[in-house]
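Examining the three-dimensional arrangement
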Amino acid sequence: MRRFSHLACPLVRRFSSSGAHGKTPVEALLEQVAAGKVPVSEAIERWPSITQHASASIEEMTEVVEGFARIDHGRGARTGLPEVIFGEGKTTPQIRDIFNVMGREHALHPERNTENVVAMATRVSQEVYDELAPEIPGLVYYPAARIAALPPAGRGGEDGISGVGGVGGGVANVGDGERGEGEEEEAATIAVLCAGTSDLPVAEEAAITLELAGVPVERLYDVGVAGLHRLLQQIPVVRKAKVVICVAGMDGALPSVVGGLARCPVIACPTSVGYGAAFNGVAPLLTMLNACAPGVSVVNIDNGFGAATCALEDRGGSAVATANPGRAFGDPNPLQLREACLAAVTTG
């Protein structure tokens, strides 16, 4: 006899209202699939319409904050990350108010939000964080990445800092290639490479963004082409990654080299590091855009955050699907929905 187990299916958990009596539309549909009354193909077609309730309406998604910001509360449901605050150019009170509104929304509507981070801001200086911290309990700072983030209640910021150390304080996991005897080597989901130590702030912005999205990261720093042997030592790590982000300034040659060696998509991120003819990142940008190796995508200069979000998509959508498998306002991935429907059918 086959029966439906809603607890085994993350899709049902994501779109089921806690404490509600009776079956949710998702539970009813998957029970029909389990009973053989609805084919999987039909369930996939019906999925977007029955999951609309899990996300806010267009009006509810947009909230005006003191006339200076319009927050997209539905961003997390669509992409797996909440709308991210670009801190540079904003005043400290503006950043504070946006954080507070997003924190309140997360508490009121947890079903519409991601599990890993309530809100985050990029390009936040230490001075701005020091002003924000007393007014936003639980706020975590990653100084190397210049990211401030608010984790969900009950989740500490042990990987961030309120002082020094940790992933954000120094540089963790730089990939020296050495492991203890008997220690198993675990393949990271996404590898973040930077050519030189001067590129580290942009690389850390990418790495911390990925970790805040719940994705494991392997850091390989100072592996530029000026010392090619340092990169070649790390080829096994590169080839195990699902996506590789390459951050480089000066000549910007690293992504082209990695693109010829990797088995996965490569996202190139130029930095503004370099002498005069680097033109604040324009030279490496043009190099990366002209990469000979296939499968290399390029983001804007110093845009580590943009590289990370592209990597989440190139990873196969699984990071986004974990946070919101249904993508209520987008087109669902048929393979993911098929797997979810089949996972909901158990033998009892």
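Provided above is the structure to which this section pertains.
In short, a report on the structure. (Residues numbered from 1 in each chain as written. Predicted model: local features only at pLDDT ≥ 70, side-chain atom pairs only at ≥ 80, totals over all residues. Heavy atoms only, no water.)

The next thing to look at is the overall build of the chain. When helices and strands are tallied, the chain shows 16 helices and 13 strands. In the chain, which comprises 348 residues, the share counted as buried stands at 48%. A sequence separation of at least 24 residues applies to 65% of the contacts in the chain between residues at least 6 apart. Of the accessible surface of the chain, which amounts to about 16500 Å², a share of 52% is contributed by carbon and sulfur atoms. (Helix = DSSP H or I, 4+ residues; strand = E, 2+ residues; numbered from the N terminus. Buried < 20%, exposed > 50% of the residue type's maximum accessible area, 1.4 Å probe, protein only. Contact = heavy atoms within 4.5 Å. Areas by Shrake-Rupley, 256 points an atom, 1.4 Å probe, with all protein chains shown as cover.)

So, about the nonpolar core. Generally speaking, a soluble globular protein has its nonpolar side chains buried in company with each other. If you look at the biggest cluster of nonpolar residues, it comprises 35 residues, and the most contacted ones within it are Tyr 142, Val 192, Leu 210 and Ile 245. Counting only elements with at least two residues in this core, the list comes to strand 6 (140-142), strand 7 (147-150), strand 8 (190-194), helix 9 (200-212), strand 9 (217-221), strand 10 (243-248), strand 11 (266-270) and helix 14 (304-314). Considering every element that reaches this core, the biggest residue donor is helix 9, with eight residues. If we skip the residues at most four places from it in the chain, Ile 245 touches Ile 190, Ala 191, Val 192, Leu 193, Ala 206, Leu 210, Ile 267, Ala 307, Ala 308 and Ala 311. (Core = buried A, V, L, I, M, F, W, Y, C linked by side-chain atoms within 4.5 Å.)

Pairing within the open sheet is parallel, and its five strands lie in the order 9-8-10-11-12. Bordering the open sheet on either side are strand 9 and strand 12 (296-298), each of which pairs with just one other strand. Within this sheet the neighbouring strands show an average axis-to-axis angle of 20°, counted without direction. Where strand 10 meets strand 11, five bridges bridge the pair, whose relative direction is parallel. Bridge assignment links Ala 248 to a residue of strand 11, and that residue is Pro 270. Strand contacts of helix 9: strand 8, strand 9, strand 10 and strand 11, with the helix running at about 170° to strand 9, the strand carrying the most contacts. Docked against the sheet, helix 13 (residues 282-289) engages strand 10, strand 11 and strand 12, running at close to 160° with respect to strand 11. (Pairing = 2+ DSSP bridges. Axes fitted to C-alpha atoms, helices over the stretch in contact; angles between N-to-C directions.)

Another point: the packing of helix 9 against helix 14. Direction vectors running N to C along helix 9 and helix 14 enclose 40°, while the axes themselves pass 7 Å from each other. Here helix 9 lies oblique to helix 14, going by the angle between them. Considering how the two elements wind past one another, helix 9 and helix 14 form a crossing that is right-handed. Residues Val 202, Glu 205, Ala 206, Thr 209 and Leu 210 of helix 9 touch helix 14, and the partners they reach there are Gly 304, Phe 305, Ala 308, Ala 311 and Leu 312. Across the contact of helix 9 with helix 14, the residue classes tally to seven nonpolar, two polar and one charged. (Parallel < 35°, antiparallel > 145°, perpendicular 65-115°, else oblique. Left-handed = near helix turned anticlockwise from the far one by under 90°. Nonpolar A, V, L, I, M, F, W, Y, C, P; charged D, E, K, R; others polar.)

Turning next to helix 9. In an α-helix there are 3.6 residues to a turn, and that puts residues three or four apart on one side. Look at helix 9: 18 Å from first C-alpha to last across 13 residues, which is about the 18 Å you get at 1.5 Å a residue. By the burial criterion, the buried members of helix 9 are Leu 200, Val 202, Ala 203, Glu 204, Glu 205, Ala 206, Ala 207, Ile 208, Thr 209, Leu 210 and Leu 212. (Expected span 1.5 Å × (residues − 1).)

Worth remembering: the numbers are spatial, not functional.
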